[in-house]
Amino acid sequence: MFFKRIVYIVILLVSLSSKGICSDFAQNIVSDTNNLSAKNDTTVLIDSISISNKKITEEKKLPGLKTTWYFPNAEFDKPAILIYILTGVIIYSISSIIIMLIFMMINRNRRDKTTLIANDLKGHYQKALFDYLEHEENNTEQLIEIREIANSAFTRKILINEMIDLSINLQKEKVDILRNLYYELGLNEDSLTKLTNRHWHTRVKGFKECAFMNIQEAQPLIEKRLNSRNDIERSEAQLALVRLNTEDPYSFLDNLTRPFSVWEQNIVHQEITYHNLNIPKFERWYDSDNESIRMFSAKMTQLFNQKNSWDKLIELLNDKNEKIRASAINSLGILGITDSQSTLREQYQHENDDNKLFIIQALSKFKDINNLVFFKHIIEEEEKNVWLQVEAAKGIKEIGDEGNNELNNLLTSEDYRNYQIVIKHVLDERI
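The following refers to the structure shown. Residue positions are counted from 1 within each chain, in the order its sequence is given. Thresholds applied to this predicted model are a pLDDT of at least 70 for local features of residues and 80 or more for the giving and counting of side-chain atom pairs; totals over whole chains, interfaces and linings are not thresholded and use all residues. Neither water nor hydrogens contribute to the side-chain values; these are computed over all heavy atoms in the structure.

## Quick look at the overall build of the protein chain
1) Next: Secondary structure elements are defined from DSSP: runs of H or I of at least 4 residues count as helices, runs of E of at least 2 residues count as strands, and each element is numbered from the N terminus. Each helix and strand in the protein chain was counted, giving 20 helices and zero strands.
2) Next: Each residue's exposure class comes from its accessible area (1.4 Å probe, protein chains only) as a fraction of the maximum for that residue type: buried when under 20%, exposed when over 50%, partly exposed otherwise. Each of the 431 residues in the protein chain was classed as buried or not, and the buried ones make up 39%.
3) Next: Residue contacts follow a heavy-atom distance rule, with two residues in contact if any of their heavy atoms lie within 4.5 Å. The contacts in the protein chain between residues at least 6 apart in sequence include a share of 61% that link residues at least 24 apart.
4) Next: For accessible areas, the Shrake-Rupley method is used with a probe of radius 1.4 Å. Any residue's cover is judged against the shown protein chains and nothing else. Total accessible area on the protein chain stands at roughly 26,600 Å², and carbon and sulfur atoms take up 53% of it.

Spelled out as structure tokens, the structure:
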């Protein structure tokens, strides 16, 4: 089908060239016929056509260009060198397409054959590994068989994948046996070699293998990729370091200089909670030069209920980054650090509207009567931002009966006539 299309294209190009020549010929005939129409002489018309045809032939023939076997009847009105160049370009393009298709077909067939071979080997390797684990005390015969399997880079690659897949669902004792076999076969060297490969996806494969098989000597090599520009490589490096350092899984934060994205934070957190790894004190990174790490540490302090770090958490209220201050404000409110209330009230005047809202919401969680005056002051002063007034009124209501009584008194007070809509909105039980 493809070759038929190529033939059609070549015929079309030749046809277009011929049509261009025939068009010029017809135009010349029409021009001469109009000039001789008044004479009505058939002989003169035939002579004129003959002369016109001769003139066209003389104009079309260019010095140095002769009729060739591939264009036997065509006459060109372009320089000869241009015609030869265009012909060469067409031939080169068609040849390139044909060669490319041939290589694609060869690669596809090779890939299909490789896939079939790999699928056949997987079943054989799984059986060999199961036999090795079952004959734990006397598995010399199975070990010899597996050694024979691991005799090429292709088979070793498949064997590594099968060992990792198998280790996911095994008990710890069986995993240790499988890991010892991994070292005995020298497969750890294969994984370490991948860490220095020039292709990032191969390095990522090495990260996973080293993490699953607990290859501790891989840590320095993985740390070099911790600040990679490639998001996937950087994330996989973090996960690998978490698995390799179970005593201090968040230690990679000490060397992370690139932003610690929310997606990476969630992935690492899931990995640590799933494997029930040690949780450090996150106040350790409050002074980090990486702003995303400081923000993350404030969130984690609240998430793991690390109330003992509240005094250092308050220091984050002076951070230059408003988002970090917001994280610290929310954490102080959720942790219920009573001693932080006065600091939050003082911080209110120095914050933007978003963080002011967070401070009101944090203080509302304490349900402390001492915040009543502060909330009333906000209702009076924040006339340009009704949302702050509404949250302050909600804060009064959260105090309890005393707060509800105070709102009812404010509703009838002349001093708060302009704020009755806000107070009625908060007192409305339907909302």
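## Description of the packing of aromatic side chains
1) Next: Within 6.5 Å between ring centres, the rings of Phe, Tyr and Trp (the latter by its six-membered ring) count as paired, and their orientation is classed by plane angle as stacked under 30 degrees, edge-to-face over 60, tilted in between. Going through the model one piece at a time under the given rule, you end up with eleven aromatic pairs.
2) Next: Pairing Phe-282 with Trp-285 gives two aromatic rings, centres 6.0 Å apart and planes at 50°, and the pair type is tilted. Per residue, the accessibility class of Phe-282 equals that of Trp-285, and both read buried.
3) Next: An aromatic cluster is built from Tyr-250, Phe-252, Phe-260, Phe-282, Trp-285, Phe-296 and Phe-304, whose rings are joined through pairwise contacts.
4) Next: Only lysine NZ and arginine CZ atoms are considered, and such an atom sits over a ring when it is within 6 Å of the ring centre and within 35 degrees of the ring normal. Of note, Arg-243 hangs over the ring of Phe-212, and the distance from its end group to the ring centre comes to 5.3 Å.

## Re the nonpolar core
1) Next: Leu-159, Met-163, Leu-181, Ile-222, Tyr-250, Phe-252 and Leu-253 are the most contacted members of the largest nonpolar core, which has 53 residues in total.
2) Next: Element by element, the count of residues in this core is highest for helix H3 (residues 80–134), at seven residues.
3) Next: Apart from residues lying up to four places away in sequence, Ile-222 is in contact with Leu-195, Phe-207, Ala-237, Ala-240, Leu-241 and Leu-244. To define a nonpolar core, start from buried Ala, Val, Leu, Ile, Met, Phe, Trp, Tyr and Cys residues and group those joined through side-chain atoms within 4.5 Å.

## Re a nonpolar patch on the surface
1) Next: Candidates for patches are residues over 30% relative accessible area with no salt bridge; among them, like charges are joined within 9 Å and nonpolar side chains (Val, Leu, Ile, Met, Phe, Trp, Tyr) within 5 Å. Any carboxyl oxygen of Asp or Glu within 4 Å of a side-chain nitrogen of Lys or Arg constitutes a salt bridge here. Together, Ile-81, Leu-82, Ile-85, Leu-86 and Val-89 give the surface a local cluster of nonpolar side chains, amounting to about 450 Å² of exposed area.
2) Next: Considering the arrangement of structural elements, one finds Ile-81 in helix H3.

## As for the pattern of salt bridges
1) Next: Counted by the stated rule, this structure contains 20 salt bridges.
2) Next: With a shortest N-O distance of 2.8 Å, Asp-319 and Arg-294 are connected by a salt bridge. On the criterion of sequence distance, the pair formed by Asp-319 in the loop between helix H13 (310–315) and helix H14 (322–335) and Arg-294 in helix H12 (residues 291–303) is long-range, its members being 25 residues apart. Grouping residues by exposure puts Asp-319 and Arg-294 together as buried.

## As for the side chain of Arg-234
1) Next: Residue position: Arg-234 is located in helix H10 (residues 231–244).
2) Next: Pairs of N or O atoms within 3.5 Å make up the polar contacts considered here, provided that, within protein, one atom can donate a hydrogen while the other can accept it, and that residues adjacent in sequence are counted only when both atoms are side-chain atoms. A distance of 2.6 Å separates a polar atom in the side chain of Arg-234 from the backbone oxygen of Ser-228.
3) Next: In contact with Arg-234, not counting residues within four places along its chain, are Arg-225, Leu-226, Asn-227, Ser-228, Arg-229, Leu-256, Arg-258, Pro-259 and Glu-264.

## Section: unusual backbone geometry
Note: most residues except glycine have negative phi, and most peptide bonds are trans.
1) Next: One non-glycine residue with positive phi stands out, namely Asn-214, at about 55°.
2) Next: Following the sequence through the fold, Asn-214 ends up in the loop between helix H8 (200–212) and helix H9 (219–223).
3) Next: Under the relative-accessibility criterion, Asn-214 is labelled partly exposed at 31%.

## What to know about the side chain of Gln-142
1) Next: Counting through the fold element by element, Gln-142 comes out in helix H4 (residues 140–149).
2) Next: Gln-142 sits in the buried class, given a relative accessible area of 12%.
3) Next: If sequence neighbours within four positions are ignored, Gln-142 has contacts with Asp-131, Tyr-132 and His-135.

## Brief notes about helix H16 (residues 353–364)
1) Next: The length a helix should cover is 1.5 Å for every residue beyond the first. Relative to the 16 Å expected for twelve residues at 1.5 Å per residue, H16 spans 17 Å between its end C-alpha atoms, a close match to the ideal helical length.
2) Next: Those residues of H16 that are buried are in contact with H14, helix H15 (341–347), helix H17 (372–381) and helix H18 (386–398).

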